[in-house]
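# Results of the structural survey
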Amino acid sequence: MRTRRWIFSAVMRLLLRCLRIGQRHRFWPTQKVWQLWLYGRLCVRSLLYNSFIDSDTALDALFEPVYWLVDHITRWFGVVFVALVIILTSSVVCIVYVCLLPLILRTYPLPWIFWHFIYGHWNLVMIVFHYYMAITTQPGYPPQSRSDIAAVSICRKCIAPKPARTHHCSICNRCVLKMDHHCPWLNNCVGHFNHRYFFSFCLFMTMGCIYSSISGWDMFWEAYAAIEKMKLLAKERLQVTANQTYGQTPPPTFTFHQRAFHKSVVYAWVLCSSVALALGALMIWHTVLITRGETSIERHINRKEKKRLQKKGKVFRNPYSYGPLGNWKVFLGVERKRHWVTRVLLPSTHPPKGSGLNWDTAPCVPEQKTALLAI
């Protein structure tokens, strides 16, 4: 009896051992693949590990091809955008001189004629002057040969010292002093030396479009009603021709000059109103930034820095802000009271304060603050 039990237990142990060996040989390839996957993942993580990496860095890496495509398209289409601005602005000016100015001289009283003549030409001169200067003035670039400039970092693309408030433009492929953004409508970067020209162009263009929209409000509705009347008369003329009622008097027709006049007025008013809304929003945004002493790029940097310091219980202070009025004086280059007229309300080519390499307190700011480095 004991012999049978021993034989039975020996046979069962042998069967279990065979099953275990079979299971090991059956799942051996899967375990080997899993081990290789874990080893490969560990190698990749060890090679790509960076303690400073975050979600923003990962998104920038994923969208790098998109950025490259947009940069190259913007670079090649910059000339087209500039030509488009010139053509649209010239078309509105031609409509005003050819169509509206004779009407104003015939129907308006003398004080209104004097007002429109003076203000309209002053606004036009300011628009043309500041747009030309914004296009032709270089934004400012840090010197590549000098090594004694006060730099806060090294540009990883230029491999050169980068002063405070300087950023690399991927479209121009250069570092720009106090870079705000690359404007395709200027085909140029907006930086330290042409930031005032860019903002003044936006301001005076918005003022001119609002002035044209308000002044031409009544003319627009009269022209729009005339165009609707043209369409109605065209339908009536087709009905008369179809019915062959030659005894009936045909409806009056508009001349080519009348049709062109009404359509030109509607075109100019719609274009000016659209530009006033779009460019006005951009101008308001830059007005807020200038009041705070920031650029478009620094706005995002300072917002992140403010959140980071709030978590530590600290308060962030913009080192380049001299108060609302002080920021505007520094931006516009106003050092005396008469400069509000000679440098703001009249065309002026005066350079901005400083070289863009260091940022000391301007003499027009009464309260002196210690200059700090950029983040």
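Looking at an unreviewed UniProt entry, the protein carries the name Palmitoyltransferase, with the source organism given as Gekko japonicus. The Subcellular location (unreviewed entry) comment attached to the protein in UniProt states, word for word, "Membrane". The UniProt entry for the protein carries the following comment under Catalytic activity (unreviewed entry): "L-cysteinyl-[protein] + hexadecanoyl-CoA = S-hexadecanoyl-L-cysteinyl-[protein] + CoA".

Moving on: the overall build of the protein. Within the protein one finds 11 helices and 6 strands. The buried share of the protein, reckoned over its 375 residues, is 33%. Counting contacts in the protein only where the partners sit at least 6 residues apart, residues at least 24 apart contribute 67% of the total. By element, 67% of the accessible surface of the protein is carried by carbon and sulfur atoms, the whole surface being about 25,300 Å².

Here we take up the pattern of salt bridges. Two side chains with opposite charge may pair up if their charged atoms get near one another. Evaluation of the coordinates by the stated rule reveals 3 salt bridges. The shortest N-O distance in the salt bridge between Arg165 and Glu298 comes to 2.6 Å. Remark: Glu298 occurs in helix α9 (residues 296-311) and Arg165 occurs in the loop between β2 (161-163) and β3 (167-169); sequence separation between them is 133 residues. Given a relative accessible area of 7%, Arg165 falls into the buried group. A salt bridge links Glu305 to Arg308; its shortest N-O distance comes to 2.3 Å. Taken as a pair, Glu305 and Arg308 lie in helix α9 at a separation of 3 residues, close to a single helical turn. Take Arg308: its relative accessible area is 37%, and that puts it in the partly exposed class.

For the structure on display, the rule yields 18 aromatic pairs. Measuring from ring centre to ring centre gives 6.5 Å for Phe77 and Phe81, while their planes differ by 35°; the resulting arrangement is tilted. With Phe77 and Phe81 both in helix α4 (residues 64-107) and 4 residues apart, this pair spans about one turn of that helix. A relative accessible area of 41% places Phe77 in the partly exposed class. Note on Phe81: relative accessible area 24%, which makes it partly exposed. A centroid spacing of 5.5 Å and a plane angle of 55° characterise the contact between Phe199 and Trp328, whose relative ring orientation is tilted.

What follows is about the UniProt feature "transmembrane region" (unreviewed entry) in the protein. As annotated by UniProt and renumbered to match this structure, "transmembrane region" (unreviewed entry) occupies residues 76-100, 112-133, 197-221 and 265-285. Helix makes up 100% of residues 76-100 and strand makes up 0%, while its end C-alpha atoms are separated by 37 Å. Within the segment residues 197-221, helix and strand shares are 96% and 0% respectively, and the terminal C-alpha atoms sit 35 Å apart.

Okay, the packing of helix α6 (residues 195-215) against helix α8 (residues 256-292) next. It is the contact of α6 with α8, at a shortest axis distance of 8 Å, that shows an interaxial angle of 140°. Relative to α8, α6 is oriented oblique. As α6 packs across α8, the resulting crossing turns out to be left-handed. Listed contacts from α8 to His195, Phe198, Phe199, Cys202, Leu203, Met205, Thr206, Cys209, Ile210, Ser212 and Ser213 of α6 are Trp269, Cys272, Ser273, Val275, Ala276, Leu279, Gly280, Leu282, Met283, His286, Thr287 and Ile290.

The next subject is the pairing of strand β1 (residues 151-154). As paired strands, β1 and β2 are joined by 3 bridges and run antiparallel to one another. Directly across from Ile154, in β2, lies its bridge partner Pro161.

The first and last C-alpha atoms of helix α5 (residues 110-136) sit 39 Å apart over 27 residues, in line with the 39 Å expected at 1.5 Å per residue. Ile113, His116, Tyr119, Asn123, Met126, Ile127, Phe129, His130, Tyr131, Met133 and Ala134 are the residues of α5 that are buried.

It is worth spelling out the side chain of His262 at this point. With respect to the element layout, His262 can be found in helix α8. With a relative accessible area of 15%, His262 lands in the buried category. Other than its neighbours up to four places away in sequence, His262 contacts Ala223, Ala226, Ile227 and Met230.

Moving on, we get to unusual backbone geometry. A positive phi angle, close to 65°, is found at Arg165, a residue other than glycine. Look at Asn173: it is not a glycine, yet its phi comes out positive at around 60°. Along the chain, Asn173 turns up in the loop between β3 and β4 (174-176).

Glancing now at a nonpolar patch on the surface. Together, Trp68, Leu69, Ile73, Trp76, Phe77 and Val80 make up a nonpolar patch on the protein surface, roughly 690 Å² of accessible area in all. Here Trp76 shows up in helix α4. Looking at Trp76, the relative accessible area reads 67%, which means it is exposed.

Cut-offs and rules
- Residues numbered from 1 in each chain as written.
- Predicted model: local features only at pLDDT ≥ 70, side-chain atom pairs only at ≥ 80, totals over all residues.
- Heavy atoms only, no water.
- UniProt positions renumbered as here; feature names shortened; annotations may be inferred.
- Helix = DSSP H or I, 4+ residues; strand = E, 2+ residues; numbered from the N terminus.
- Buried < 20%, exposed > 50% of the residue type's maximum accessible area, 1.4 Å probe, protein only.
- Contact = heavy atoms within 4.5 Å.
- Areas by Shrake-Rupley, 256 points an atom, 1.4 Å probe, with all protein chains shown as cover.
- Salt bridge = Lys/Arg side-chain N within 4 Å of Asp/Glu carboxyl O.
- Phe/Tyr/Trp six-rings, centres within 6.5 Å; stacked < 30°, edge-to-face > 60°.
- Axes fitted to C-alpha atoms, helices over the stretch in contact; angles between N-to-C directions.
- Parallel < 35°, antiparallel > 145°, perpendicular 65-115°, else oblique.
- Left-handed = near helix turned anticlockwise from the far one by under 90°.
- Pairing = 2+ DSSP bridges.
- Expected span 1.5 Å × (residues − 1).
- Patch = residues over 30% accessible without salt bridge, like charges linked within 9 Å, V, L, I, M, F, W, Y side chains within 5 Å.

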